[in-house]
Amino acid sequence: MADNIIIRVQSPDGMKKIPSTKRETAAAFLKKVAKEFGFNSNGFSVYLNRNKTGEILSQNKTLSLLKIKHGDMLFLYPSTSSSSGEKMDTATPHSSSSLPSLSSSSSSSSLIPRSSSAPQVQEDEIDQYLAKQDGKIYRNRDPQLCRHGALGKCVHCVPLEPFDEDYLNHLDPPVKHMSFHANLRKLTGGADKGKFAALENISCKIKSGCEGHPPWPDGICTKCQPSAITLNRQKYRHVDNIMFENHTIADRFLDFWRKTGSQRMGYLYGRYTEHKDIPLGIRAEVAAIYEPPQTANQNSLELLEDPKAGTVDDIAAKLGLCKVGWIFTDLLSEDTRIGTVRYLRNKDSYYLSAEECITSGYFQNQHPNPCRLSRDGFFGSKFVTVVATGGPDNQVHFEGYQVSNQCMALVRDECLLPCKDAPELGYAKESSPEQYVPDVFFKDKDKFGNDVTFLARPLPVEYLIIDITTTFPKDPQYTFTSTQRFPIENRDILGETQDFHSLATYLSQCSSTSFLDIVSDFHLLLFLVTNEVMPLRDSIGLLLDAVKTSNEDLAQTWKKSEQWATIEQLCSTVGGQPSSSLGYGAMGGSSVPNSSAAMWSCLHCTFMNQPGTEHCEMCSLPRS
């Protein structure tokens, strides 16, 4: 009886106990496992370690020789996902020291194992880079408190972990949210090195496949019923800083509001980089803003279907950019003579309305964050929200936000609604015969100062919001170096159209001798690809590589192509005249439009007026 042992085998579908003996061979044991889990002999692999190392092969060695003891846990993976394991005949017993190393120079704190049933996930480059970093906060020797030599360490100078809350609270300004990778280090730290760490996405839907009762609304049980949700302020954030490369990007976006008084929305395209002001932080750098089709007025805006959305994403990807967020305006003029705006969003009103939180959650669900610690292969999102609104000084300020993972789940499963008369409040839906909605709670203090749990009907949206600092660099950066302004897409209401007439005018006004500088404009490149007369989707790859790498030689090579020669001819037919110093040659007369037949901008308030009027419709001042 002393030879009888029980081995635990964990699979993606659950754990089972397999009775065996010390003298039983590995081949016989694997047959028992196959019978117990319903696999054929070649349909699975069993490993000693969770990270798919130490595979147990079908051989005549006994379990005792393989150092498998009573109560040990083995890990079973179906053959479709067991291609990355390291095969070996014998292995050391399962221990935390057998975790894989990401790089030879990485410290033990940067080892992040993969969840037992997580798929192979290709994480973003910034996530792969930060996973290999040490991340610790190194401190100098304190001359007053440290009593040791130069090579020693004590509690006053030992490196701190990146998730140290006391350190983050004493930064200037204090940091309320640790970075996402600092949170991962917190989960995967300790003696077990995160062996049991896993990030679970919240689900508000009834689990499918429960056969013990009729489907909802006729029945529900504790196995399929989603858990109630208690809202907590998220302690980490996926993006720690938003930075516009230069002021020109934001100014061109705000021009629409300045000229029409209507609100505007756009998608932010850029890249994710390391934010060194916060341990293991991530920064979203904005290089361009794409404005999709939309209808708007002074108080609202509505997005329209965009047939070019996929093409814009493809062009951005070839330029080394991705969609990092969205931006919208909420501006109302206070004094047009001095250019001030009203301070609308503050602690006495709201920072994001419930409707905006739901929209942000929708966009974040569309752009999930790849994560290998999640069984779903993704967790949270790096997609950010930027609001251009009035600040305390009555000037335009840019405020950055994200919504929490809890809000993303509520939005994804259609459990959250806005309140019509109170924009600062949301409302958790009630269950109906068509949909079961779990109870949603939040904690607040009553009039006596006691913590009380409330049902989220209604719900203050500040429980769902994570604020992110939005900045501009001291030294402007330029991914797109063109000094001229090609018209922005979908601004026909301003009289700014993207056509070959505007292209001819743009080329005629360019004074640069560098062809790369002339074509290095995000909106111009989009026009070249998406125009209906001569789209260059299949032949513009070389030019996009030239802009991405700032390579003038590649740009000159593309300039000699037949496609650019055809574009020159099209521009000549509409009456443009690019500069002869660039080697284009004369292509007709000037294409400057007649000012009397075009909309004109008021010199006093910048409002765009209809042609033929001599006084501004907004401020009533004369045109001249």
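Residues numbered from 1 in each chain as written. Predicted model: local features only at pLDDT ≥ 70, side-chain atom pairs only at ≥ 80, totals over all residues. Heavy atoms only, no water.

(A) Structural detail: the confidence of the model for the chain. Scored by pLDDT, the chain has a mean of 84; 88% of the residues are at 70 or more. This model gives residues 576-596 a pLDDT under 50, and the stretch forms 44 contacts once residues within four places in sequence are excluded. (pLDDT = per-residue confidence, 0-100. Contact = heavy atoms within 4.5 Å.)

(B) Summary view of the pairing of strand S12 (residues 281-290). Extensive coverage of S12 is indicated by the burial of ten of its ten residues. With four bridges connecting them, strand S10 (residues 241-244) and S12 associate as parallel partners. Its bridge partner being in S12, Phe244 is matched across the sheet by Val286. Here strand S11 (residues 265-275) pairs with S12 via nine bridges, running antiparallel. Within the sheet, the bridge partner assigned to Tyr267 lies in S12 and is Tyr290. Turn length for the S11-S12 hairpin, with the two strands adjacent in sequence and antiparallel, is five residues, and the turn residue Leu280 shows positive phi of about 55°. (Buried < 20%, exposed > 50% of the residue type's maximum accessible area, 1.4 Å probe, protein only. Helix = DSSP H or I, 4+ residues; strand = E, 2+ residues; numbered from the N terminus. Pairing = 2+ DSSP bridges.)

(C) Summary view of the side chain of Thr385. As for its placement among the helices and strands, Thr385 is situated in strand S20 (residues 384-390). Overall, Thr385 belongs to the buried group, its relative accessible area being 1%. A distance of 2.8 Å separates polar atoms of two side chains, one belonging to Thr385 and the other to Trp326. Among all residues touching Thr385, those that are not within four sequence positions of it are Ile242, Trp326, Phe328, Ser360, Glu399, Gly400 and Tyr401. (Polar contact = N/O pair within 3.5 Å; in protein donor to acceptor, adjacent residues only side chain to side chain.)

(D) Examining the packing of aromatic side chains more closely. Scanning the model with the defined rule gives 21 aromatic pairs in all. Ring centres of Phe180 and Tyr236 lie 5.8 Å apart, and the angle between their planes is 45°; this geometry places the pair in the tilted category. Pair noted here: Phe180 is in helix H4 (residues 180-188) and Tyr236 is in strand S9 (residues 236-237), with a separation of 56 residues, a long-range link. Judged on exposure class, the residue Phe180 and its partner Tyr236 are both buried. Residues Trp558 and Trp564 carry aromatic rings whose centres are separated by 5.8 Å and whose planes lie at 50° to one another, so their mutual orientation is tilted. Across the pair, Trp564 and Trp558 agree in class, each one buried. Members of the aromatic cluster, connected to one another through ring pairs, are Tyr267, Trp326, Phe328, Tyr362, Phe363 and Phe383. When the ring centre of Phe37 is taken as reference, the NZ or CZ atom of Lys16 above it lies at 5.1 Å. Seen from the ring of Tyr77, Lys52 lies directly overhead, with NZ or CZ sitting 4.6 Å from the centre. (Phe/Tyr/Trp six-rings, centres within 6.5 Å; stacked < 30°, edge-to-face > 60°. Lys NZ or Arg CZ within 6 Å of the ring centre and 35° of its normal.)

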